[in-house]
Structures are given as structure tokens and as C-alpha cells.
Amino acid sequence: MKAIRRFTVRTVLPEALGPLEELATNLRWSWHLPTRRLFEDISPELWEESGHDPIGLLGEIEPRRLQELASDTGFVGRARALVDDLHTYLTEPRWYQQNCSEDAPKAIGYFSPEFGIAAALPQYSGGLGILAGDHLKSASDLGVPIIGVGLFYRSGYFAQSISPDGWQQESYPVLDPDGLPLSVLRHPDGTAAQVALALPGGRALYARIWQVAVGRIRLLLLDTDIPENEDALRSVTDRLYGGGGEHRLLQELLLGIGGVRAIKLLTELTDAAAPEVFHTNEGHAGFLGLERISDLIGSGLSFTEALQVVRAGTVFTTHTPVPAGIDRFDAALIHEYFSTDLLPGVEIEDVLLLGAENYEGGTPNTFNMAVMGLRLGQRANGVSKLHGEVSRGMFGALWPGFDTPDVPITSVTNGVHAPTWTDPSLVALSSDRLGTPDTAAADWNSPMVSDSDLWNVRNGMRAQLVADARKRVSAAWAVQSPGVGDPVWLSQMLDPNVLTIGFARRVPTYKRLTLMLHDQERLRAILLSEQHPVQIVVAGKSHPADEEGKRLIQKLVEFSQDPDIRKRLVFLPNYDIGMAQLLYPGTDVWLNNPLRPLEACGTSGMKAALNGSLNLSILDGWWAEFYDEENGWAIPSADSAGDSAERDKLEANSMYDLIEHQIAPRFYDRNTDGVPVRWVEAIRHTLSTLSPELSADRMVREYVERLYLPAATAARAISADSYAPARSLAEWKTKVMAAWPHVSVTHVESGGVDAVPQVGDELHVRAHVNLAGLTADDVAVEVVFGRAREGDQLENVERVELTGTPGSVHAAQFNGTVQFTGTVPLARAGSFGYNVRVVPRHPLLASPAELGLIAVAS
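The structure contained in this document is the topic of the report that follows. (Residues numbered from 1 in each chain as written. Predicted model: local features only at pLDDT ≥ 70, side-chain atom pairs only at ≥ 80, totals over all residues. Heavy atoms only, no water.)

## Looking at the pairing of strand S25 (residues 779-788)
Then, number 1: Most of S25 sits inside the fold, with ten of its ten residues counted as buried.
Then, number 2: Following S25, the chain reverses through five residues before pairing antiparallel with strand S26 (residues 794-801); Gly-791 in that reversal takes a positive phi of roughly 75 degrees. (Buried < 20%, exposed > 50% of the residue type's maximum accessible area, 1.4 Å probe, protein only. Helix = DSSP H or I, 4+ residues; strand = E, 2+ residues; numbered from the N terminus. Pairing = 2+ DSSP bridges.)

Laid out in C-alpha cells, this is it:
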């Protein structure tokens, strides 16, 4: 008989075991190995059954066992010591406190639609959420004072199973928050704090605020499944990325507007500092800027003045390299939802302009969340160097007239949280032989770690993956064939001594899950080679609405079910954090073959590399900047292929060639001790060179130094003297934009070089500029020069501001224009070209391109 209702009853622990409650409810346990070991020692069997969930574990322990533990002085002592260690971790100065000035922001708001922190809190779908979780963890380790904001999805993303014919099936288990490491934000009288959003038709959307302790970081998750909401609105936070356009809009309104209101409640009810900087992790949370504008309008600013303040303190990160990956809404729907009391003081026309695709190539009557994010954030970035280049091209129309390199979108390459993703066996080796559990800082070239030591650990990781894969396939078999024992072949599925390639990620078509199947007979020969056998472990989820992605999974599953193949290729259902923590370390080679340049970053290969796995990848995302010919292999991109089919063929054949002729022979080339010396050299090189660079600690430090601190400085500068600089900047922008259609470079003169210019000569430039009533202080006039290529396009561009003499500005009236002069040194031989441009200049601008205004000589 099935229960009609289900809920979680929390364990009442004996007083001596009180520390377990605090340890279980701070998610630091998810990356702190000693704490995980403590919970595992309570009951190794139940620890595995719980999916490594301390709260779930404690709920299953018999009272007699709890009394035994309470009487065990050794166990109680360990628990108390770990709580003391947690308290020290939560309060001691860390990198941020030790290295940033007292003027550094006391709090930073970090908004994301999903957070992947631990399998015990399934609030993620893929890379974006895992990245957000790693961001919080490293921020905690570094002491960066972030407040995370997201939504609490009662059914998370979805649980995946595979039907007998290979088709993905989705189910949505309902989560009970009482069984999760959550607490409700409450008023002093004990009532739950709530945020409310006005909706069309006089309705309102209410949400309670769950708090999650992620080490030193507080994460707020908004939940609409409360009695105050009508039935239809209780389901707003039912599923991650579920529902149609209006459902998604409601989620994003709640995340952005409701998230800012939740932070305000947090600062009123606790000692938490108010954020000075707001980081929008993708466009989903972009409405947070509008809520802040509304607050500032309530303080007496106009919309334009408030916009300057909000922009100064906002960082926007884009994660998608394709327009199809951006949330876009019908402008009429936006008009309907903002023609309410949702944002007091904010006019609907101003809202619509922020998200309008009113640029060349844009779609009329469309509201673009990424475009709004870029217009609301003075600082923006992509998530790898290549993705930064792609983003500057994709969004360049917002800054018409500027060359792509001048588009104000930088990049901070993603990183991964090493303590979360590094296998404990590698941590133990580093601790025992190299004296540090920090594998990213260890000296992996030290003779203290022998080749055999490293190879034995890698073999153990592979064996661990094989055992886990068999267990997962056995569990899936039991669901499909209840009452029937495991088939004989399952015990032979995968071999712990065979070269293992991993491939796991979301399954949109551009990631090309089935590229490996392009020539099935050749793949079969690779897998079943007697001399150099290979096995492949695959996992991944397709979005429930992506039928083509599901067909790709089905095609691969069908191939894997061939009796000869199934021992060498397996698809593992329900890819999640728990699976990933064994899959990444257990693979010898991590495969990634997206269509370049459609992979923004691709952090799965990073996690594998942290464990000594070598990468086999298209030069896309992070691999394009870190591949060095020693840490893996690059699959050549057939960018010039005639069509997609030809491209797939060429790239698949290159992949097969690399596996057959380079990867497999090197793996099986052993010395007398059975160690592949050349392979282990590559492992050492990978661990030594990539571990520090791929760390989320490096990533978060970059965000702090390059984006958060400058944003905080800008926010304080523009807010000084009761926002006087914001009012002045808004007035200045209005003046400049009104005048700019008439600003022009009317004439350019040059001289000072011989008939045959030589290196060392100086080119003297004089430009006459019509400033249309602006002053010379309002603009920067620059010579832009470099190598002139086909079509007179400039490469390797440099700029010199025109001045009368070095360090001084010379501007003189000349026939109604202003004259600017200066010199350009001819420092290199070869083709040379130059032009003159005029751009707005103001001390509160973060980039010359910020206003999207430029005048160029013609």
C-alpha cells in the first residue's frame, strides 16, 4: 500500500551527539572529508543508502545505535573537535580578509537560477548550477562575503530513467524541505518572513525564504509552495526550467525582484550586511536591477539617475554562446506584468527599452533577458577566453560602430572546487607523500610520489568507477525487470584494467553525444581491440522538451545493447553529483566534442583533470586556452567543412585516429612494473599545471579583483554626496547622446615621415573634430593603428590619445572645429594603417564603448 502523504520526522539526538546536528546542517560537510568520514562511521551501509546525506542518515539510525555513539567517548570527541574546527573555519580571517582592504565590500549578492552544492540538495540541472555551487564553496573557503540567492524547486530538475527501447523517461520526486539542510528565515515573533510580488488582475505571489548554510556563505532559496498562494501560484517554484513562457517569467520575476527583497529582509532580521555589489549569474536573475532601481526612485532619484547607480554596482555573467540559449519573452507579456504595482515608480516604457532588441538583427516586440542584463550591468564577462570573444561578437550590435575587441565584455574562465571534485584517494596520496591535502598546491613532480604510487591510485579510481557503474546498471535493471536477477553479462560489464574514456554532460545537439557513433564499425573495432581495448562510460540528461536530444540518447543506448558492445560501452542513467564524483576520477581520458565555438566553458573536463585524467577535446571552451600538447589531445576542428555532415565525418575520424594511434598505444605501453611511464608523466604534468589554474579559488579571486572590487569602488563613487555623481552622470549622458549625431572627424592630416617610412620614425597626426557643442573634456580623440590587412582592416590594434605634447591636451578652435594633435611611433616594420576615432569620456565610465557612441574618420 502506498502512503497518501509523506513527510520527514527529524531525529532527536542524545545531548552528547548535539554537534552532529550542526555538522549536518552546514553543507561544508559536502567538501570536508573528515566530517564525511564521521558520518560514514555511524553506519557505512546507511551512509551509502542515504546517498551521502547526513540528515537522511540520522533519520534512519536506530535509537540504540545513537545511544552507543553517545557513550563512545572517542566518537563524541571527534564530533566536538569537528564542530570546533567548523567554528574556526566560520570566523577566522581568510584570503579576502587578509588581502583586500577595509574598503572591500562587506557583502556581495550572487543570484543564480540553480545551485549544485551536494546531491543531498538537488537544485541543479547541469553546468550552470554546478558552477554556481562551486562559486559559493570557493567564496566560503576564501572568506568572500557572498549572499547567494536562488529558488527552491520542490521537484528539482528531474530523475532520469531509460526505457527498454532506450528512450529517456522523466519523473519528478517531490522534495520534503524538512528532510533537507534548510531553515526558514523568521521574524522575531517566530512567523516566517515572506516576500510578495504584485501580479496582474490584483493577485499577489508570496514566497517564504529558506536559508542554507554553505560554509561561511548564506544561500537564500525562495519557495512559493505555501498556503498564502492560490493553487496555481503555489507551483511557480515546482520544477527547475519547467513550464512555458509565462511560468518561466514568474520564476525569473521571483528570483530577481523577490531575491532583492529577500536580501533586504535578511539584513533587517539578522546582522547580515547589505550587498554593495550584485552579481547576475546569467540573464534569468536580471530583474534584480529593476527592483533596485525602484528602491532608488523611492529615495528621490529619476529612473535614469537610478540606472547609473545600479549599473555601477552590477556584474553580469553570460554563459551561453548561442542566441537560442537566451531567455526571451514577448514584449506584450512583459507589458502585462509590469503594468501593475510590481515596481513602484518604474514606468513600463523604461522596462521594455532595457530588454528591447532595438538593434541591427534584433527581433521587434521581444524582451531579451541577456540584453537587459548587459544594459543593467556596467561590468560583464563570458566564462572562458574563447567565450569572451564569441560573446563580444554575439552582443556587438549593442555597441554599433565599435570593433568586436572593443565590445565591453571581458572573460573570467570558470573553475571547479577542488575539495569537492578531487577523489579522496588522491587527497590521501598528496597528504601522505607531499605533506598537504591541497592537491592543487602539491608538487606532483616530487620524487616523493613514485610513478607506481600515482598509477596505483589511478587504478583504484578506475576500479571504483567500474564497481559503481555495475551497481547503477543493476539497480536500473531491477526497476525494469522486477523479480529477475542480474543478467550474467552485467558482471563482465567494464573492466577495471581497460583504458576508460568518459563522456558526461547535458545532451543538447551541439554537444554531439553520438559523434563517437559516426562510424560504428570503426568504434566497434576500437572497443573490442585485443591488443588495446577501450571502454566508454557515458551519462547525461536531455531537457524534457528536447526530443532530438532524447533521440541521441536512444541511438547510443541501442548501440550499447549489442551483446559484444555492452561490456565496453555503457550509458549510466540519472547523471548527478553523486555519480560525477566517481565518474570524473575513474576515467583515464575525458572526451568532449562539441561544435566549436558553442561550448562556453565545459567544466566536466576540468574536474577530470583535477584527478589526473587526460582530456581529448575539440579546442573549445576552457580547453582552447589550456591545451599544451602534454595534458591531453586536441581533436582538430573542421571549421571549413562544406556542411555539418562533412564536419562530423572529419572530426569523428580525427577522434578515432587519436584513440587508435596515440592514446591507446601510450596507455598500454608498460615498463617491467606494469606502469605506463609516458602516461604517468602526462598525469604529473596535468596535476602540476592545470590543478591551480582550473581551481574555482582562482576563478573567485579573479572575480573579486577584476570585477567585484572595481564595481564596489564605482558604486561608492556614484552614490557619494546623496547620489550627486549619479545625477551629474545622467545629465551628462543625456547631453552627449543628444549631441552625438552631429559629432564628426571632419579632417585628418599627417606628416613627419620620409617618403619611405622606417622603424623609429614618428607619424604626426592632426585631427579636426566637430564636437557639436561638447567640450574637449567630454571626449577622447584617439589614433587607432596597427597592421593593415585585406580590405584595410586593422589587426594588432593600438591606440594613442591625441595630445599636443606627451601628458598634455592641446585643443584649439579651427574653422568651427576643435583641433587635436599628437604623434604615433612607427615601432615595427610591415604594413601599417591608422584611423582616428572619437568616443565619450567621463571618469565614471568603465569603458569608452559604454554608451555605444563612436565617430570615426572616413
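And the narrative resumes.
## Some points on the sheet that holds strand S19 (residues 569-572)
Then, number 1: Reading across from one edge, S19-S18-S17-S20-S21-S22 is the order of the six strands in this open sheet, with parallel pairing throughout. A strand with exactly one partner marks an edge of an open sheet, and here the two such strands are S19 and strand S22 (632-635). Between one strand and the next, the sheet's axes are offset by a mean angle of 20 degrees, whatever the strand orientation.
Then, number 2: Across the sheet, helix H22 (residues 577-586) is in contact with strand S17 (499-504), strand S18 (534-539), S19 and strand S20 (589-592); its angle to S18 comes to roughly 155 degrees. (Axes fitted to C-alpha atoms, helices over the stretch in contact; angles between N-to-C directions. Contact = heavy atoms within 4.5 Å.)

## A look at helix H15 (residues 369-376)
Then, number 1: Of all eight residues in H15, eight are buried, a share of seventy percent or more.
Then, number 2: Buried within H15 are the following residues: Met-369, Ala-370, Val-371, Met-372, Gly-373, Leu-374, Arg-375 and Leu-376.

## Points about the sheet that holds strand S30 (residues 855-856)
In any sheet, the strands associate via hydrogen bonds between backbone groups, in a parallel or an antiparallel arrangement.
Then, number 1: With respect to topology, four strands assemble into an open sheet ordered S26-S25-S29-S30, the strand pairing being antiparallel. Two strands close off the open sheet at either side, each with one partner strand: S26 and S30.
Then, number 2: Relative to S26, S25 runs antiparallel, the two sharing six bridges. Opposite Phe-785, over in S26, you have Glu-798 as the bridge partner.

## Overview of unusual backbone geometry
Then, number 1: Residue Arg-596 is joined to Pro-597 through a cis peptide bond whose omega torsion reads 5 degrees.
Then, number 2: Structurally, the position occupied by Pro-597 is in the loop between S20 and helix H23 (604-609).
Then, number 3: In this model, Asn-365 sits at a positive phi of 60 degrees, which is unusual for a non-glycine residue.
Then, number 4: For Asn-365, the location among the structural elements is in the loop between helix H14 (348-355) and strand S14 (366-368).
Then, number 5: The phi angle at Ala-772 is positive, at roughly 50 degrees, despite the residue not being glycine.
Then, number 6: Looking at the element boundaries, Ala-772 is found in the loop between strand S24 (762-770) and S25.

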